[in-house]
Amino acid sequence: MSQEVAEEKYKVFNDCVHGYIKLHPLCIKIIDTPEFQRLRNLKQVGPVYFVYPGASHNRFEHSLGVCYLAGQMIEALRRSNPDIVSDYEKLAVEVAGLCHDLGHGPISHTWERFLSRTGQHWKHEKTSIEVFEFLIEKNKLQNEIEKYLAPVGKRVEDFIVLIKRLIRGEVQDEKTFLFQIISNKSNGIDVDRWDYFMRDSKQLHLNFSFDYRRLLEFCQVLEVNGKSVICFRKKEAQNVYNMFITRADLHLKAYRHHVVEVLEEMIIDAFYFANEAGYKIKGKLLSEVHKDVEVFTEMTDHILYNILYSEEPIFDKAKTLLRRILCRDLYIIVGRKNFSSEL
């Protein structure tokens with residue numbers, strides 16, 4: 001596989017967080033598809049942009065960052081054990097990092113909460129897998145994938161199954177650590193969080209105090225309770241603690257900022273009113289779009305403005321709410337209550 005790759009050029013991106021990052025040619029083929037380019041028009045932190053003017057970054061650059069960090073993590077693990085991850089597995093992890101957010105809806109996590117309001121339990125990870133499969137099929141990338149797998153005797157079908165499992169975080173006991181790189185469900189220390197902690201902090205001009213590069217220098221795979229897992233040197237405990245402090249600060253100052261929560265409620269109400277009034281995209285109600293992957297891949301944050309600029313009087317209730325957001329005529333918080341941790 002490495003000989004084939006050597007004959008092609010990796011592409012270099014100048015990223016505002018990681019600097020110059022180099023991505024595998026197969027990742028470039030995926031990036032250069034309409035389904036992936038859609039991520040350029042999905043705000044990473046949704047309604048936070050209405051509070052922090054710098055929060056204009058999108059899922060696109062975050063996905064590139066996760067892909068890059070996934071490769072960096074594997075190279076770090078290889079330094080202590082060169083044979084622990086094959087090139088085949090490394091490429092699968094990088095592609096999974098690249099594609100893990102393909103299933104996000106408009107205004108990011110706000111879309112999940114809108115669908116919850118309509119009585120549906122929907123998570124973007126499931127749709128990420130559906131969009132990934134659709135992207136491969138529609139853009140005829142099977143032959144491109146096979147070009148890198150044939151020299152090492154691997155099947156395209158198995159490669160795609162592995163990527164889907166990595167996106168889902170569906171752990172394999174024999175190599176548990178591979179499933180902790182993108183989405184670590186055991187302790188929350190993974191490259192997805194590293195990227196968005198740093199990216200969001202930079203864009204929102206908030207300070208962060210953890211250093212992922214040190215964590216990469218002091219990580220390796222060890223056997224714990226019969227499983228191979230990613231571990232960090234004890235002396236990095238404070239660095240890990242600072243990572244979670246950064247997460248708490250971002251939630252307190254940005255994601256769960258009281259004005260952001262008000263804005264999110266207003267956007268959800270606007271989507272709900274538009275949906276109740278029969279707003280459709282290619283014949284699908286807003287609350288049903290996620291069930292048709294082809295229609296879903298054509299929907300971005302623009303839907304908010306499509307509703308706002310609609311000339312149909314039937315959508316006036318939703319349009320009025322969106323105008324209120326733009327005029328800063330927001331809902332008023334009449335009371336707050338902190339619940340105990342037991343709840």
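Located above this text is the structure these notes cover.
On a predicted model such as this, the values are computed, not experimentally measured, just so you know.

Colleague: Would you take a moment to explain the environment of V17 for this structure?
Modeller: Structurally, the position occupied by V17 is in the loop between β1 (11-15) and β2 (19-23). Taking the relative accessible area as the measure of exposure, V17 reaches 19% and is therefore buried. Taking the C-alpha atoms as reference points, V17 and Y196, 179 residues apart in sequence, are found 9.9 Å from one another. Not counting the four nearest positions on each side in its chain, V17 is found in contact with M198, R199, K202 and R213.

Colleague: Can you walk me through the side chain of N239 in this structure?
Modeller: Inspection of the secondary structure assignment puts N239 in helix α12 (residues 237-255). Excluding anything up to four places from it in sequence, N239 contacts S209, F210, D211, R214 and L215.

Colleague: Explain the nonpolar core here, please?
Modeller: One finds F36, V95, F159, I181, W194 and L286 to be the most contacted residues of the largest nonpolar core, which totals 111 residues. Discounting chain neighbours no more than four positions away, the residues touching F36 are I30, I31, F60, S63, L64, L98, L102 and L135.

Colleague: Got a minute to help me understand the packing of aromatic side chains in this structure?
Modeller: Describing an aromatic ring pair means giving the distance of the ring centres and the angle of the ring planes. In this structure the tally under the stated criterion is 13 aromatic pairs. Plain terms: the ring middles of W111 and F114 are 4.9 Å apart, the flat faces sit at 55 degrees to each other, and that makes the pair tilted. A residue pair is termed a helical-turn pair when its members lie 3 or 4 positions apart in one helix, as W111 and F114 do in helix α6 (residues 109-117) at three residues. Each member of the pair, W111 together with F114, is buried. Connected via pairs of aromatic rings, a cluster forms that spans Y196, F197, F208 and F210. Here the guanidinium or amino end of R40 rests over the ring plane of F60, the centre of that ring lying 3.9 Å away. Its end group placed over the ring of Y88, K154 keeps NZ or CZ at 5.0 Å from the ring centre.

Colleague: Teacher, can you tell me more about the pattern of salt bridges here?
Modeller: Charged atoms that come close allow side chains of opposite charge to pair. Scanning the entire structure with this criterion turns up 25 salt bridges. Measuring nitrogen to oxygen at the nearest pair gives 3.1 Å for the salt bridge that ties R117 to E265. Of this pair, R117 sits in helix α6 while E265 is found in helix α13 (residues 258-276), placing the two residues 148 residues apart along the sequence. A relative accessible area of 33% places R117 in the partly exposed class. D190 is the salt-bridge partner of R193, the closest N and O atoms lying 2.3 Å from each other. A residue is classified by how much of its surface remains accessible, and R193, at 24% relative accessible area, is partly exposed. The exposure class assigned to D190 is buried, which follows from its relative accessible area of 0%. Connected through salt bridges with shared partners, the residues E75, R78, D87 and K90 form a single ionic network.

Colleague: What is the right way to read the side chain of H24 from this model?
Modeller: Here H24 is to be found in the loop between β2 and α2 (25-31). Assessed through its relative accessible area of 5%, H24 is described here as buried. A distance of 2.9 Å separates a polar atom in the side chain of H24 from the backbone nitrogen of L26.

Colleague: Help me out: how do you make sense of unusual backbone geometry in this one?
Modeller: Negative phi values dominate among residues other than glycine, just as trans dominates among peptide bonds. One non-glycine residue, S108, lies in the positive phi region at around 50 degrees. Within the secondary structure layout, S108 lies in the loop between α5 (87-99) and α6.

Colleague: Which parts of the structure should I look at to understand the pairing of β2?
Modeller: Remark: a regular strand shows side chains that alternate across the two faces of the sheet. Summarising the sheet, β1 and β2 pair through five bridges and their orientation is antiparallel. Opposite N14, over in β2, you have Y20 as the bridge partner.

Colleague: Would you mind showing me how to read the environment of E174 here?
Modeller: Its place among the elements puts E174 in the loop between α9 (156-168) and α10 (191-204). When the C-alpha positions of E174 and S228 are compared, they lie 7.1 Å apart, and in sequence the two are 54 residues distant.

Colleague: I would appreciate a short explanation of the environment of V66 in the present structure.
Modeller: Examined against the element boundaries, V66 turns out to sit in helix α4 (residues 59-80). Given a relative accessible area of 0%, V66 falls into the buried group. The spatial distance from the C-alpha of V66 to the C-alpha of D192 is 5.5 Å, given a sequence separation of 126 residues. With residues up to four places along the chain from it excluded, the contact list for V66 reads G97, H100, I182, V191, D192 and D195.

Colleague: I tried to follow the packing of α5 against α9 on my own but got confused; where do I start?
Modeller: In a pair of packed helices, the angle between the axes and the distance between the axes together describe the arrangement. Interhelical geometry of α5 versus α9 gives an angle of 50 degrees and a closest axis separation of 9 Å. In terms of axis orientation, α5 runs oblique to α9. The two elements α5 and α9 cross, and the hand of that crossing is right-handed. Across the interface between the two elements, Y88, L91, A92, V93, V95, A96 and C99 of α5 pack against D158, F159, L162, I163, L166 and I167 of α9. Residue composition of the contact of α5 with α9, by class: twelve nonpolar, no polar and one charged.

Quick notes on the rules
Residues numbered from 1 in each chain as written. Predicted model: local features only at pLDDT ≥ 70, side-chain atom pairs only at ≥ 80, totals over all residues. Heavy atoms only, no water. Helix = DSSP H or I, 4+ residues; strand = E, 2+ residues; numbered from the N terminus. Buried < 20%, exposed > 50% of the residue type's maximum accessible area, 1.4 Å probe, protein only. Contact = heavy atoms within 4.5 Å. Core = buried A, V, L, I, M, F, W, Y, C linked by side-chain atoms within 4.5 Å. Phe/Tyr/Trp six-rings, centres within 6.5 Å; stacked < 30°, edge-to-face > 60°. Lys NZ or Arg CZ within 6 Å of the ring centre and 35° of its normal. Salt bridge = Lys/Arg side-chain N within 4 Å of Asp/Glu carboxyl O. Polar contact = N/O pair within 3.5 Å; in protein donor to acceptor, adjacent residues only side chain to side chain. Pairing = 2+ DSSP bridges. Axes fitted to C-alpha atoms, helices over the stretch in contact; angles between N-to-C directions. Parallel < 35°, antiparallel > 145°, perpendicular 65-115°, else oblique. Left-handed = near helix turned anticlockwise from the far one by under 90°. Nonpolar A, V, L, I, M, F, W, Y, C, P; charged D, E, K, R; others polar.

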